[in-house]
Amino acid sequence: HDSEKDVASHTDSLNYAIKRLVRGTQSSRQCARQGFSLGLAEVLEAFPHQLENVMALNDQLTRLQSGLRANETKERLLGRL
């Protein structure tokens, strides 16, 4: 049962890291965007089976909505790149 808990813990950690990295690619600071993008690329290199998950999460988190300020729209569009 410990190995199942370890796998669940690692999966939760990986999912959290991916979500944080995807959100970070929308940062208003160029240097931060570059760093989060590099981190996300490294995670995808180590876990290529997560690509579909990352793409779906990116679509979800960068969705444009009415009522966003101009800088929020810009950040979301940059996050899509």
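Let me sum up the structure you'll find in this document. Please read these numbers as outputs of a predicted model, since none were measured by experiment. Within each chain, residue numbers correspond to sequence positions counted from 1 in written order. Only residues with pLDDT of at least 70 are given local features in this predicted model, and only at 80 or more are side-chain atom pairs given and counted; all residues enter the totals for whole chains, interfaces and linings. Values reported for side chains reflect all heavy atoms of the structure, with hydrogen atoms and water molecules removed beforehand.

Only DSSP runs of H or I covering at least 4 residues are called helices, and only runs of E covering at least 2 are called strands; the numbering of each starts at the N terminus. Summarising the element assignment, L68 is placed in the loop between α3 (51-61) and α4 (70-80). Take L68: its relative accessible area is 21%, and that puts it in the partly exposed class. Residue contacts follow a heavy-atom distance rule, with two residues in contact if any of their heavy atoms lie within 4.5 Å. Residues within four places of L68 in sequence aside, it is in contact with R63, T73 and R76. Here the term buried applies to any residue with accessible area under 20% of the maximum for its type, exposed to any over 50%, and partly exposed to those in between, with areas from a 1.4 Å probe on protein chains only.

This next bit is on the layout of surface pockets. Empty space among the atoms becomes visible once a probe the size of a water molecule is rolled across them. Cavity: a set of points on a 1 Å grid over the protein atoms alone where a 1.4 Å probe fits but cannot get out. Pocket: an open set with protein on both sides within 12 Å along at least five of seven lines, its lining residues, like those of a cavity, having an atom within 4 Å of a point. Grid points are joined across faces, edges and corners, and a volume is the space filled by probe spheres set on the points. The calculated volume of the largest pocket comes to roughly 250 Å³. Lining the largest pocket are 14 residues, and of these T25, S37, L40, G79 and L81 sit closest to its centre. Elements supplying a minimum of two residues to the lining of the largest pocket: α2 (30-46), α3 and α4. Of the residues assigned to the lining of the largest pocket, the class counts are 8 nonpolar, 4 polar and 2 charged. Following the grouping adopted for this structure description, the nonpolar residues are Ala, Val, Leu, Ile, Met, Phe, Trp, Tyr, Cys and Pro, the charged ones are Asp, Glu, Lys and Arg, and the polar ones are all others, Gly among them.

This part is about α3. All buried positions along α3 are accounted for by V54, L57, N58 and L61. Take α3 and look down its axis: the buried residues cluster within an arc of 105 degrees, on one side only. Note that the arc is computed from the directions linking the helix axis to the C-beta atoms.

Buried Ala, Val, Leu, Ile, Met, Phe, Trp, Tyr and Cys residues that are joined via side-chain atoms within 4.5 Å together make up what is termed a nonpolar core. Counting residues in hydrophobic clusters, the biggest one holds 10 residues: L14, I18, L21, V22, L40, V43, L44, V54, L57 and L61. Where this core is concerned, the elements lending two or more residues are α1 (2-24), α2 and α3. When residues of this core are assigned to their parent elements, the largest contribution, 4 residues, is made by α1. Ignoring sequence-local partners within four residues, the contact set of L57 consists of I18, K19 and V22.

Mapped onto the secondary structure, Q50 falls in the loop between α2 and α3. Note on Q50: relative accessible area 12%, which makes it buried. Not counting residues within four places of it along the chain, the set of residues in contact with Q50 comprises L14, N15, I18 and L44.

This next bit is on the pattern of salt bridges. Basic side-chain nitrogens of Lys or Arg form a salt bridge, by our definition, when they fall within 4 Å of a carboxyl oxygen of Asp or Glu. Tallied over the full model, the rule gives 1 salt bridge. R69 serves as the salt-bridge partner of E72, at 3.7 Å between the closest nitrogen and oxygen. When its relative accessible area of 26% is taken as the criterion, E72 is described as partly exposed.

Moving on, we come to the side chain of S27. Structurally, S27 can be placed in the loop between α1 and α2. For S27, the contacting residues outside a window of four places in its chain are A32, R33 and E75.

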